[in-house]
Amino acid sequence: MKHEGAELIPEIAKIQHHKRRIEQFLESQTGFSEKLQKMRKLPRILEEKILVVDDEPVIVDMLVAILEDEDIVDSASNGEKALKKLSDKNYSAIISDVNMPFMDGIEFYKKAVEKYPYIKNRFLFFTASFDSEVLDFFRQNKIKYLPKPSSITDIKKALFEIISR
């Protein structure tokens, strides 16, 4: 299907997202580990790409470890480097910190959305910065965010919601 043309990509994405929903359901149930393993062995028909943007290597490594089984994960240490990566690849989701050197997460978001408007709803901010200005920005732009630290379940759930749009 994926070789037939770009018009099928949205339908392929729906199939992939449905498969992921089934896996999440099986994860939440007891006694279904065998079924879950069989589901995970099914080939992916669409590779999702996630970009993690954070200047703390420990956070990047943790997010990559959490997400590498789900999708292809790239990383950048600041908004400036992340913006360059956006010009080379299409990302289904972008997880970004707010406070970073060279270009912070908010400036990165603004420049990325200006250049690539279709990614506006693909951002998830994972941050410890929650001053009123940052929170107002998140609310005004309807941007999803999670506090550092957050549970693996919450991170995966928020990311899945973004990818499933």
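Not measured: the values here are computed from a predicted model. (Residues numbered from 1 in each chain as written. Predicted model: local features only at pLDDT ≥ 70, side-chain atom pairs only at ≥ 80, totals over all residues. Heavy atoms only, no water.)

Q: How should helix H5 (residues 105-115) be read in this particular structure?
A: For the α-helix, the turn length of 3.6 residues means that residues three or four positions removed from each other point alike. The complete set of buried residues in H5 reads Gly 105, Ile 106, Phe 108, Tyr 109, Ala 112 and Val 113. Taken end-on, H5 shows its buried residues confined to a sector of 155°, consistent with a single buried face. Residues of H5 that are exposed and point over 90 degrees away from its buried face: Glu 114 and Lys 115. Looking at the packing, one finds that the buried side of H5 touches strand E1 (49-53), helix H4 (79-88), strand E3 (93-96), strand E4 (123-127) and helix H6 (132-140). At the N-terminal end of H5, a side-chain oxygen is found 3.1 Å from the backbone nitrogen of Ile 106, two or three residues along, and the residue is Asp 104. (Buried < 20%, exposed > 50% of the residue type's maximum accessible area, 1.4 Å probe, protein only. Helix = DSSP H or I, 4+ residues; strand = E, 2+ residues; numbered from the N terminus. Arc of directions from axis to C-beta. Contact = heavy atoms within 4.5 Å. Polar contact = N/O pair within 3.5 Å; in protein donor to acceptor, adjacent residues only side chain to side chain.)

Q: Explanation requested: the nonpolar core in the structure shown.
A: Looking at soluble globular proteins, one finds that nonpolar side chains tend to be buried together. Formed by 25 residues in total, the largest nonpolar core has its most connected members in Leu 86, Ile 94, Phe 108, Phe 123 and Phe 138. Of all the secondary structure elements, the ones that give two or more residues to this core are E1, H4, H5, E4 and H6. Element by element, the count of residues in this core is highest for H5, at five residues. In this structure, Phe 123 is in contact with Ile 94, Phe 108, Tyr 109, Ala 112, Ile 143, Lys 144 and Ile 162, ignoring residues within four places of it in sequence. Counting residues in each nonpolar core, the second largest holds 18 residues, with Val 60, Leu 67, Leu 124 and Ile 163 among its members. (Core = buried A, V, L, I, M, F, W, Y, C linked by side-chain atoms within 4.5 Å.)

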